[in-house]
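Each chain, letter by letter, is given below.
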Amino acid sequence: MRLPRSLSGWTIAVFGVLAAALGVVGLVAPDALLTVMGFEPVPDGGRADGDHTLVFLTASSMAALNMGVYYVLAALADWKPFFRWTVPFRLLTCAVFTLAVVGGRAPAGFLGVGLWEGLGAVVTGLALRYEKGRAEPDATSPASPASPASPASPASPVP
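Residues numbered from 1 in each chain as written. Predicted model: local features only at pLDDT ≥ 70, side-chain atom pairs only at ≥ 80, totals over all residues. Heavy atoms only, no water.

**Student:** Can you walk me through the overall build of the protein chain in this structure?
**Tutor:** Secondary structure assignment for the protein chain yields five helices and zero strands. Along the protein chain, helices (α) and strands (β) appear in the sequence α-α-α-α-α when read from the amino end. The 159 residues of the protein chain split such that 28% are buried. Counted over contacts in the protein chain with a minimum sequence separation of 6, partners at least 24 positions apart contribute 73%. By element, 70% of the accessible surface of the protein chain is carried by carbon and sulfur atoms, the whole surface being about 10,800 Å². (Helix = DSSP H or I, 4+ residues; strand = E, 2+ residues; numbered from the N terminus. Buried < 20%, exposed > 50% of the residue type's maximum accessible area, 1.4 Å probe, protein only. Contact = heavy atoms within 4.5 Å. Areas by Shrake-Rupley, 256 points an atom, 1.4 Å probe, with all protein chains shown as cover.)

So this is what it looks like as structure tokens:
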């Protein structure tokens, strides 16, 4: 397997590895993940009947693990359309998570999750813009002015 070939690929790969790692943490040690996100874990036996926090955390952690793997595979394939698609959706995630904190639905520590998403989106977007500016002209680009190709010019005779 080869490493990512582009700066944007590296940004996606880093996010993917971290998402997968946090997914594994959530599956293996859910209280540790809750603490990292700014939530206070409830001791064993302290949950009320009908509290499905651990079920939701298990589902979210599995989704994070899967998503992380998708990101890494996309990075290894240098799949630029995927990279571009992530930017607006990660910005949306940043906005939703930030509003959850501002609206009192999540603790202040959860703001870090939103900011991580937003920062990742901005860095990926900037990497894509940088790469686009450095892209080589392709075969459909017009010829350079130094060597204009004119269909009206006769071809030179072949000896």
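**Student:** So what exactly am I meant to see when it comes to unusual backbone geometry here?
**Tutor:** A negative phi holds for most residues other than glycine; trans holds for most peptide bonds. You will see that Asp78, though not glycine, has its phi angle at about 50°, which is positive. With respect to the secondary-structure elements, Asp78 resides in the loop between helix 3 (53-76) and helix 4 (80-102).

**Student:** I keep staring at the side chain of Ser8 and nothing clicks. Help me out?
**Tutor:** Here Ser8 is to be found in helix 1 (residues 7-28). Here Ser8 falls in the buried class, since its relative accessible area comes to 0%. A polar contact of 3.3 Å, which involves the side chain of Ser8, links it to the side chain of Ser6. Setting aside residues up to four positions removed in sequence, Ser8 forms contacts with Lys80, Phe83, Ala127, Leu128 and Glu131. (Polar contact = N/O pair within 3.5 Å; in protein donor to acceptor, adjacent residues only side chain to side chain.)

**Student:** Could you clarify how one ought to interpret the packing of helix 1 against helix 5 (residues 111-134) in this entry?
**Tutor:** For any two helices packed against each other, one specifies the inter-axial angle together with the distance between the axes. The geometry of helix 1 relative to helix 5 is characterised by a closest axis approach of 7 Å and an angle of 160° between their N-to-C directions. One element, helix 1, and the other, helix 5, form an angle in the roughly antiparallel class. The crossing of helix 1 and helix 5 is left-handed. Taking contact as the criterion, the partners of Leu7, Ser8, Thr11, Ile12, Phe15 and Leu18 in helix 1 are, on helix 5, Trp116, Glu117, Val123, Thr124, Ala127, Leu128, Tyr130 and Glu131. (Axes fitted to C-alpha atoms, helices over the stretch in contact; angles between N-to-C directions. Parallel < 35°, antiparallel > 145°, perpendicular 65-115°, else oblique. Left-handed = near helix turned anticlockwise from the far one by under 90°.)

**Student:** Help me out: how do you make sense of the packing of helix 1 against helix 4 in this one?
**Tutor:** Following both chains from N to C, one finds helix 1 and helix 4 inclined at 60°, their axes separated by 10 Å at the closest point. With respect to helix 4, the element helix 1 is oriented oblique. Crossing geometry of helix 1 relative to helix 4 is assigned as left-handed. The segment helix 1 lies against helix 4, with Ser8, Gly9, Ile12 and Phe15 engaging Lys80, Phe82, Phe83, Thr86 and Arg90. Looking at the contact of helix 1 with helix 4 residue by residue, the classes come out as four nonpolar, three polar and two charged. (Nonpolar A, V, L, I, M, F, W, Y, C, P; charged D, E, K, R; others polar.)

**Student:** Looking at this structure, I do not really get helix 1. What am I missing?
**Tutor:** At 3.6 residues per turn, the α-helix brings residues three or four places apart onto the same side. Helix length check: helix 1, at 22 residues, gives a terminal C-alpha distance of 32 Å against a target of 32 Å (1.5 Å per residue), a fit within 8%. If you check which residues of helix 1 are buried, you get Ser8, Gly9, Thr11, Ile12, Ala13, Phe15, Gly16, Ala19, Ala20, Gly23 and Gly26. Buried positions along helix 1 lie against helix 2 (30-36), helix 3, helix 4 and helix 5. (Expected span 1.5 Å × (residues − 1).)

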